Every structure is written in structure tokens, then in C-alpha cells.
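Survey of secondary and tertiary structure
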Amino acid sequence: VQLVESGGGLVQPGGSLRLSCAASGFTFSSYVMSWYRQAPGKERELVAAISGAGGGTNYVDSVKGRFTISRDNAKNTVYLQMNSLKPEDTAVYYCRASRIQTYWGQGTQVTVSS
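The structure contained in this document is the topic of the report that follows.

Definitions and cut-offs
Residues numbered from 1 in each chain as written. Predicted model: local features only at pLDDT ≥ 70, side-chain atom pairs only at ≥ 80, totals over all residues. Heavy atoms only, no water. Salt bridge = Lys/Arg side-chain N within 4 Å of Asp/Glu carboxyl O. Helix = DSSP H or I, 4+ residues; strand = E, 2+ residues; numbered from the N terminus. Buried < 20%, exposed > 50% of the residue type's maximum accessible area, 1.4 Å probe, protein only. Pairing = 2+ DSSP bridges. Axes fitted to C-alpha atoms, helices over the stretch in contact; angles between N-to-C directions. Phe/Tyr/Trp six-rings, centres within 6.5 Å; stacked < 30°, edge-to-face > 60°. Contact = heavy atoms within 4.5 Å.

One pass over the full model with this rule turns up four salt bridges. Here R37 and D89 are joined by a salt bridge, their closest N and O atoms 3.0 Å apart. Of this pair, R37 sits in strand β4 (residues 32–38) while D89 sits in the loop between β8 (77–82) and β9 (91–98), and the two are 52 residues apart along the sequence. Accessibility classification places R37 together with D89 in one group, the buried group. The shortest N-O distance in the salt bridge between K64 and D61 comes to 3.0 Å.

Turning next to the sheet that holds strand β1 (residues 2–6). In spatial order, the strands read β1-β3-β8-β7; together these four strands make up an open sheet with antiparallel pairing. Two strands close off the open sheet at either side, each with one partner strand: β1 and β7 (67–72). Direction aside, the axes of adjacent strands within the sheet are offset by 15° on average. In this sheet, β8 lies alongside strand β3 (residues 17–24) in antiparallel orientation, the contact comprising six bridges. Opposite L19, over in β8, you have L80 as the bridge partner.

Another aspect to go through is the pairing of β1. Residues L3 and E5 point to one face of β1 and are all buried, whereas Q2, V4 and S6, pointing to the other face, are not buried. Relative to β3, β1 runs antiparallel, the two sharing five bridges. Among the inter-strand pairings, Q2 is bridged to a residue of β3, identified as S24.

On to the packing of aromatic side chains, then. Aromatic ring pairs: the centre-centre distance and the angle between the two ring planes describe each pair. Overall, the coordinates contain six aromatic pairs when judged by the stated rule. A ring pair is formed by Y36 and W104, whose centres lie 5.0 Å apart and whose planes are at 65°; its orientation type is edge-to-face. Residue Y36 is found in strand β4, and its partner W104 is found in strand β10 (residues 102–104); the two are separated by 68 residues along the sequence. Here the aromatic cluster, defined as three or more aromatic residues joined through ring pairs, consists of F26, F28, Y31 and Y103.

A word on the pairing of strand β5 (residues 45–50). Looking down a regular strand, the side chains alternate between one sheet face and the other. Relative to β5, β4 runs antiparallel, the two sharing five bridges. Residue pairing in the sheet places R37 in a bridge with E45 of β5. Between the antiparallel neighbours β4 and β5 lie six residues, among them G41 with a positive phi of about 80°. As defined by bridge partners, β5 adjoins strand β6 (residues 57–59) across three bridges and the pair is classed as antiparallel. Along β6, the bridge assignment pairs I50 with T57. Where β5 hands over to β6, the hairpin turn is made up of six residues, of which G54 adopts a positive phi near 90°.

The subject of this paragraph is the environment of S20. With respect to the helices, strands and loops of the structure, S20 is situated in strand β3. C-alpha separation for the pair S20 and V78, spaced 58 residues apart in sequence, amounts to 5.8 Å. In this structure, S20 is in contact with V4, E5, S6, W35, T77, V78 and Y79, ignoring residues within four places of it in sequence.

Okay, structure coming up:
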């Protein structure tokens, strides 16, 4: 099983990034996919989640209207489009797959700074 995140980096406040998480080794479409983040000194928190078929999504209040989670089951990939980024969005972002078992990616750093 592998979850490989990409797309992180340094961006100015107000900018955008799109994170990707490529999955392999399990039946991707059967799993709820989520993005979590962890800032220095803080607990890991759920940012967004999407159901297996992609019809259901939910977001933490702080990113509603700015972030969009989506998935392409044909490509075994989940995305997180992040717009209007703020310095408080700075964190390591992790991809998670969950059903009966849970799998995590290695994380990708997002830094929002001028």
C-alpha cells in the first residue's frame, strides 16, 4: 500500500496550491479519502474528506469556501485544491485512506508566507 502526496510548497498569502495523493495497493474507490494537516506544536486535524464514490464531502469550518476536495477513481488519486491561502494554513498535509484499515501518506509541506 502506498499513498504519495505531492504539490506542496511555498506560496504567498492569497495564493493557491493543488495537492495530489496517488494511491496504490488497495481498492481505492472503496475507501473514504481524507486530507489532514499538522502545524508545528499542534495536533493533527481533519481538513476535508470525500466518500468513495465522490458524492459526499465535508470540511473543517476554517477552510470552507476556500478548499475543495475531489477524487479521480480512474487514476486512484485524490486532490485538495486550496485557494485564498492564509498563513494559518501552514502545515504538513497528509493524505489518509480509511475503511476497515487506515493508511497514511508521508506528508507534504505547505508554507504560506510573504
